[in-house]
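# Results of the structural survey
Spelled out, the chains give:
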Amino acid sequence: MAQAESSSDPSPDSGVIASDRRARRNVGVLVAATMLLGSQMPVHFILGGLAGQMLSPNKCLSTLPISLIVFGSMLSAPFLSGVMQRRGRAFGFVLGAAGGGFGALLCAVGLLRGSFAIFLVGSALTGLYMCAQGFYRFAATDGASAAYRPRAISLVMVAGLVSAILGPQIVKLTADALAPVPFAGAYAAVALLNLVGVPVFAFLDSPRPAPPAQDGPRARGYLELARTPRIAVAMLCGMVSYSLMNLVMTSTPLAVVGCGFATAQSADVVSAHVLAMFAPSFFTGGLVVRFGAERVIAAGLVLLAAAGAIGLAGVDLLNFFGALILLGAGWNFGFIGATAMLTASHRPEERGKVQGMNDLLVFGLVGLTSLASGGLMNCVADDAAAGWQAVNLAMIPMLAAAGAGLIWLRLREARPARL
């Protein structure tokens, strides 16, 4: 949503208008980037906690590498958003891939040298890539009509299906490639993956926001934007959807292995989860157009609650699969719905501020929950099964907060306007 748009958007049934041609081309580029470069994130989430458990002197810090990826993403968000506002999306995405490649290389070195500190630095740098990938969904809407934006977001998100399949296969094929050191080969493969993926962005043609006219409207300040009801609720729901998904997913490999299953089985559970994260994207955008972002977000919260209920019901392998599949689908509905609501709630000249602030808050909470995940699994409970129960119980207050926010917004907008 960078250039001036038509004063009247088409109805959802009118199809994609001619002005969306560039947006559709950019979506194709972003789909390719997601399929190729996005496959590194399942590698980090499958192996980060296990590598941390192996390297850390304190098992309570086993998920700290994943937390630092997320905190790195959080801290990168305002910087990277500003860079893309000034230099364009492609420049920012190349920076992200550079961070991912160098970070993975440092993770491999940390494993080879048995250094938890080096591994943590590499994890933090990987956050720059995670942040960049988060902006793919926003870049898909640049210059797109209001009717096409939800579909554009969904198409980019559905590309994660390929990365969901490729990432765990990278783990299985390369985890022991640098034996006798486990996992180092997988991180070396991720470093190479980032190098190969950079040329994709040469084909991106994402318009920059036109500089505001001297007498034109100015971007609102951060506080004013955060106090806008629809922006605030969209950010809250995005934060809750992503952080709950991360809270449970981060602890899943530890729980699966801790309950007596093999590392390969934990990779299969995570793979099913990531597939469930992106498979609904084939139709989530259409649901947003037809039913509205609020209803889609509400459905996502219900699915997340169901995932927690199945997780609390037991620690059989089927419980892990069922909980993680529902967790992925709930994230998809909640996060795509929140993104669609956010992109429709601000002006083009506010894009950098709103998107940077949103991802700062989203990944800030995600970082806290990923760190809490390791603590709940290893330090609050006596065994893996009890830790898994604690993780799923921790979902309740955040689900309640997001649900309350949606209800408040609905009631507020249903009130008759004051004269």
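An account of the accompanying structure is given in this report. Remember, it's a predicted structure, so these values are computed and weren't measured experimentally.

The rules behind the values
Residues numbered from 1 in each chain as written. Predicted model: local features only at pLDDT ≥ 70, side-chain atom pairs only at ≥ 80, totals over all residues. Heavy atoms only, no water. Helix = DSSP H or I, 4+ residues; strand = E, 2+ residues; numbered from the N terminus. Expected span 1.5 Å × (residues − 1). Buried < 20%, exposed > 50% of the residue type's maximum accessible area, 1.4 Å probe, protein only. Patch = residues over 30% accessible without salt bridge, like charges linked within 9 Å, V, L, I, M, F, W, Y side chains within 5 Å. Areas by Shrake-Rupley, 256 points an atom, 1.4 Å probe, with all protein chains shown as cover. Salt bridge = Lys/Arg side-chain N within 4 Å of Asp/Glu carboxyl O. Phe/Tyr/Trp six-rings, centres within 6.5 Å; stacked < 30°, edge-to-face > 60°. Lys NZ or Arg CZ within 6 Å of the ring centre and 35° of its normal.

### Details of helix H5 (residues 116-134)
- With 19 residues, H5 should cover 27 Å at 1.5 Å per step; its first-to-last C-alpha distance of 27 Å lies within 8% of that length.
- By the criterion of burial, H5 is predominantly enclosed, with 14 of the 19 residues buried.

### Let's talk about a nonpolar patch on the surface
- Residues Phe102, Leu105, Val109, Val121 and Leu125 make up a contiguous nonpolar surface patch of about 390 Å² in total accessible area.
- Those elements giving two or more residues to the nonpolar patch turn out to be helix H4 (89-113) and H5.
- Examining the composition of the nonpolar patch, we find that three residues originate from one element, H4, more than from any other.
- Mapped onto the elements, Val109 comes out in helix H4.

### Notes on the packing of aromatic side chains
- In this structure the tally under the stated criterion is twelve aromatic pairs.
- Geometrically, the ring pair formed by Phe261 and Phe320 is edge-to-face, given 6.3 Å between the ring centres and 85° between the ring planes. Of this pair, Phe261 sits in the loop between helix H11 (229-258) and helix H12 (263-278) while Phe320 sits in helix H15 (residues 317-343); the two residues are 59 residues apart in sequence, bridging distant segments of the chain.
- Here Phe261 falls in the partly exposed class, since its relative accessible area comes to 22%.
- Owing to a relative accessible area of 0%, Phe320 belongs among the buried residues under this scheme.
- Taken together, the ring pairs connect Tyr242, Phe278, Trp331 and Phe335 into an aromatic cluster.
- Just above the ring of Phe91 sits the side chain of Arg87; from NZ or CZ to the centre is 4.0 Å.

### Focus on unusual backbone geometry
- The omega torsion across Ala179 and Pro180 is 15°, close enough to zero to call that bond cis.
- Along the chain, Pro180 falls in the loop between helix H8 (160-174) and helix H9 (184-197).
- Here Phe183, not a glycine, exhibits a phi torsion of approximately 75°, which is positive.
- Counting through the fold element by element, Phe183 comes out in the loop between H8 and H9.
- Judged by relative accessible area, Phe183 falls into the buried class, the value being 14%.

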